[in-house]
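So the chains spell out like this:
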Amino acid sequence: MATPGSIKLDCVVLDCLDPVGLARFYGELLGWKADEPENGGRWVTLRNPEGGVHLAFQRDPDFRPSTWPSGERPRMLHLDFAVTDIEGQHRRAIELGATLLQDPPADFTVYADPAGHPFCLCACGVQ
């Protein structure tokens, strides 16, 4: 068992073909600022301004997006974002380049980011 404080989740890393472009998408969506790209643009980190878990993006030349919901290439991970204005954030996500994957019920909507990673905007329990 790890000693409390000796380990913590620092960031979630998404593989993609274009780390700079995907960092730009999530930076705009979340209002976060990206660090300068590292290793010739092969790695970009978005810093959580509240000090929580960060998002990072790394170039994978063999990256192939999920085909969810078909299951041919299942999603291995997806991000859920809590929102207070699901309709407004839905419009923003689409304007920024997200693709709607599932018709929105009243409290959550499923999208793919520009690289094809599924993510959800969720008003479930948000006050």
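Residues numbered from 1 in each chain as written. Predicted model: local features only at pLDDT ≥ 70, side-chain atom pairs only at ≥ 80, totals over all residues. Heavy atoms only, no water.

1. Side note on the pairing of strand E5 (residues 79–82)
Regular strands show a simple pattern: their side chains alternate between the two faces of the sheet.
Then, number 1: Residues Leu79 and Phe81 of E5 are buried on one face, while the alternating residues Asp80 and Ala82, pointing to the opposite face, are not.
Then, number 2: Pairing between E5 and strand E8 (residues 118–122): four bridges, direction parallel. If you follow alanine 82 over to E8, its bridge partner there is cysteine 122. (Buried < 20%, exposed > 50% of the residue type's maximum accessible area, 1.4 Å probe, protein only. Helix = DSSP H or I, 4+ residues; strand = E, 2+ residues; numbered from the N terminus. Pairing = 2+ DSSP bridges.)

2. Here's the deal with the pattern of salt bridges
Then, number 1: Going through the model one piece at a time under the given rule, you end up with one salt bridge.
Then, number 2: Among the ionic pairs, arginine 47 bridges to aspartate 35, the shortest N-O distance being 2.9 Å. Placement of the pair is arginine 47 in strand E3 (residues 43–47) and aspartate 35 in the loop between strand E2 (33–34) and E3, with a sequence separation of 12 residues. (Salt bridge = Lys/Arg side-chain N within 4 Å of Asp/Glu carboxyl O.)

3. Here we look at the packing of helix H1 (residues 19–30) against helix H2 (residues 86–96)
Packed helices, taken two at a time, are described by the angle between their axes plus the distance between the axes.
Then, number 1: Contact pair H1 / H2: the axes reach a minimum separation of 10 Å and the direction vectors enclose 160 degrees. Our classification of the angle between H1 and H2 gives roughly antiparallel. Note on packing geometry: the crossing formed by H1 with H2 is right-handed. Along the contact surface, H1 presents Phe25, Glu28 and Leu29, while H2 presents Gln89, Arg92, Ala93 and Leu96.
Then, number 2: Broken down by class, the residue content of the contact of H1 with H2 amounts to four nonpolar, one polar and two charged. (Axes fitted to C-alpha atoms, helices over the stretch in contact; angles between N-to-C directions. Parallel < 35°, antiparallel > 145°, perpendicular 65-115°, else oblique. Left-handed = near helix turned anticlockwise from the far one by under 90°. Contact = heavy atoms within 4.5 Å. Nonpolar A, V, L, I, M, F, W, Y, C, P; charged D, E, K, R; others polar.)

4. Quick look at H2
Then, number 1: Within H2, burial applies to Ile86, Gly88 and Ala93. Seen from one end, H2 has its buried residues packed into an arc of 160 degrees, which puts them on one side. The outward face of H2, more than 90 degrees from its buried face, is lined by the exposed residues Glu87 and Glu95.
Then, number 2: Tucked inside the fold, the buried residues of H2 contact H1, strand E7 (108–112) and E8.
Then, number 3: Just past H2, the residue glycine 97 takes up positive phi, approximately 120 degrees. (Arc of directions from axis to C-beta.)

5. Observations regarding the sheet that holds E2
Then, number 1: Spatially, four strands are ordered E1-E4-E3-E2 in an open sheet, and the strand pairing comes out mixed. With one partner strand each, in any of the chains shown, strand E1 (11–16) and E2 form the two edges of the open sheet.
Then, number 2: Across two bridges, E2 lies against E3 in antiparallel orientation. Counted as the bridge partner of lysine 33 is arginine 47 from E3.
Then, number 3: Those strands touched by H1 are E1, E3 and strand E4 (54–59), and its axis lies near 160 degrees from that of E4.

Worth remembering: the numbers are spatial, not functional.
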